Amino acid sequence: MAKKELNGDLLSGGALSAEDKKVSKEAKKAAKQAAKQKKITEKNNAKRAQIKEEIDKLKAQRAEETDEAKIKALDASIKKLSDKYSSVGASSKGISKQNAKIIKSVVCAVVVVALLATYVCTGAVRKGFISYTGLPSKTLTAVTISNGDDKYRVKVDTYNFYFAMKYNEISSQLSMYEQYGLSAEQTGLNVDLTKTLSSQTYTDKDGNTMSWSKHMQDLVIEAIENTYTYYLAAVKANDGKEPEITDEQKEEIEETITNYTQQANKYGYTVSGYLVQAMGRGVTEKVFTRELTRQYIAQNYQQSLVDAEKREYTADDINAYKDENLESLESVDIRIFECANEDDAKAFKKALNADGSNFAELCSKYSEDKFDKEAYKDSAYSTFIGATRQDLQNGYAIGVAEEHEHDENEEQEHSYPGLDWLFSKDRKAGDSYQDSTTVVSIIAPVSLSDRKTVNVRHILIQPDKDANDQTSVDDEKWASAYKEAKKILAEYKKGDKTEEAFGELAKEHSADGNASEGGIYENVYTGRMVNPFSAWIFDNSRKPGDTGIVKTQFGYHIMYFVGDGEQKDWEYKASTALANSEGSSEIEKLAEDYTAKVNWFGSRYFEKDIDISN
């Protein structure tokens, strides 16, 4: 069973205003990540083009070479460049799994206003629309969710709600893919929503062909099963009563209904009539609110299963995990930079002082764009505090496994020579190393660090609130953002200078998703935050009440250091790993225990398509 994610932007038309197209905080955050990934992909494509050009030159030299020794050397160089070409992150086959996950997360957020303009403004209606009372859809069973002897009957109106959600999720995904220049063939989402689903075919991974209408029904049933598995388990764990959702979740639902009501009134509809027109028979305000609430309950329960803070582990539990997984918990403090090519990396390493004192200067010199050239002058940008092996396997050449041939049935074991050097007990502060395009300088060698997690508040000031990628913003806007950050920090210092006062300023000014919680981040562990942010909070001299301004690619962060957490960094990571393992086991068991069965008669009343023709 796939992990359930709440669905995002509903169908929108040109008549909706920018205000109506309000995006959730979670979606904004994911959009930033997607934009960042897009930039990385473009950068990798450029790297690949450069490497390809170098390979072609070497091949041309080899074709004219007659000396066997030189031919052998050229072959080795060509192979090395070819391996490097393959290891660079961009994929010639289309979107990577990571990019797909990030882009999907943009549209898998709580529902926002963007529903009905196309249908209402053109006078078109959904296929099969009768009335929003929809008695058959309220009474007939669509799907039965079973857990042993316990059965729960999901009605047709609920099926129609999830059909609309899934349809609009796909619509949003297609729009996002188009924005990033990805075709349907590249994404595997080869459906044209301007045509009926029943007229199009879908081929699954096993080569089975079906109509897109049938495939959509399968997706909807899966979504219902996912949500109701966790919803029913949550109710059962709460002595048969629905658990409360958070105040913020309640407010988001209320705000959504209010916005829908305002939009519906523009066209002379009640909110239930509006929702039925957009989402199908039976999807009234009551159904809509109920299902959003249940989605939240399901989401909260699933999160609780893997939440380390909701599970208790003894010191013996944590130490036992450490003994079995020591290598994954050990970390190093380093300065690290990823060059554009291996020649630059070699030149960087050659110019690096023995004590690493000019590392930041060289980072700036070998940076490719204007923002990085300026940003890397601050050593915090290249300072990676508490880097684990796993951290460095994501995005750095030093974390790429050495390729080797193996038999077809042989279990693949990967060697990481760069990481082996870096995490060797022989290393000491000041040692430096170049591996492919990566250059590192050791600040503190490998250890099971005694540093604790930290609690911190911050206020994020973005140079351009409408830009996902702040690195492309001009200098004037950066200067304006810095001026604003200094003004807010000065305002704080003129006041009571308490944590509570800082939190209130965060609620008022911060552009981050946690602004409503006063900008608080608790139990922050190494590797969680971007380098400059992490370097500030894990500075050994940091004391409760310290403030400062830190620049990252997201903007200026006005910092307030709350203090250390209760656990050591590695202890918290061990607790989280234990919780993830136990939670995953419980999630797998729930997936086995709960099943969904379609009711044949009820399925005659399912929404099956969207009719947007007059």
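Residues numbered from 1 in each chain as written. Predicted model: local features only at pLDDT ≥ 70, side-chain atom pairs only at ≥ 80, totals over all residues. Heavy atoms only, no water.

A. Broad picture of the sheet that holds strand β8 (residues 438-447). With antiparallel pairing, 4 strands are arranged side by side in an open sheet as β6-β5-β8-β7. Each edge of the open sheet carries a strand with a single partner, namely β6 (383-387) and β7 (432-435). Between one strand and the next, the sheet's axes are offset by a mean angle of 30°, whatever the strand orientation. Taken together, the 4 bridges between β7 and β8 define a ladder with antiparallel strand orientation. (Pairing = 2+ DSSP bridges. Helix = DSSP H or I, 4+ residues; strand = E, 2+ residues; numbered from the N terminus. Axes fitted to C-alpha atoms, helices over the stretch in contact; angles between N-to-C directions.)

B. Region of the structure containing the environment of Ala320. Mapped onto the elements, Ala320 comes out in helix α12 (residues 315-324). For Ala320 and Ala574, which are 254 residues apart along the polypeptide, the C-alpha to C-alpha distance reads 9.6 Å.

C. Geometry of the sheet that holds strand β2 (residues 150-155). Here 3 strands make up an open sheet; going across it, the order is β2-β1-β13 and the pairing antiparallel. Both outer strands of the open sheet, β2 and β13 (595-598), are each paired with one neighbouring strand and no more. Within the sheet, the average angular offset between the axes of one strand and its neighbour, ignoring direction, is 25°. Here helix α8 (residues 212-237) sits on the sheet in contact with β1 (141-147), β2 and β13, set at roughly 45° to β1. (Contact = heavy atoms within 4.5 Å.)

D. Quick peek at the confidence of the model for the chain. Counting all residues, the mean pLDDT for the chain is 80, and 75% of those residues have values of 70 or more. Per-element mean pLDDT across the chain ranges from 34 in helix α3 (residues 97-107) up to 97 in helix α15 (residues 359-366). Here residues 86-133 is a poorly scored stretch, pLDDT under 50, and it has 146 contacts once near neighbours within four places are set aside; other chains count. (pLDDT = per-residue confidence, 0-100.)

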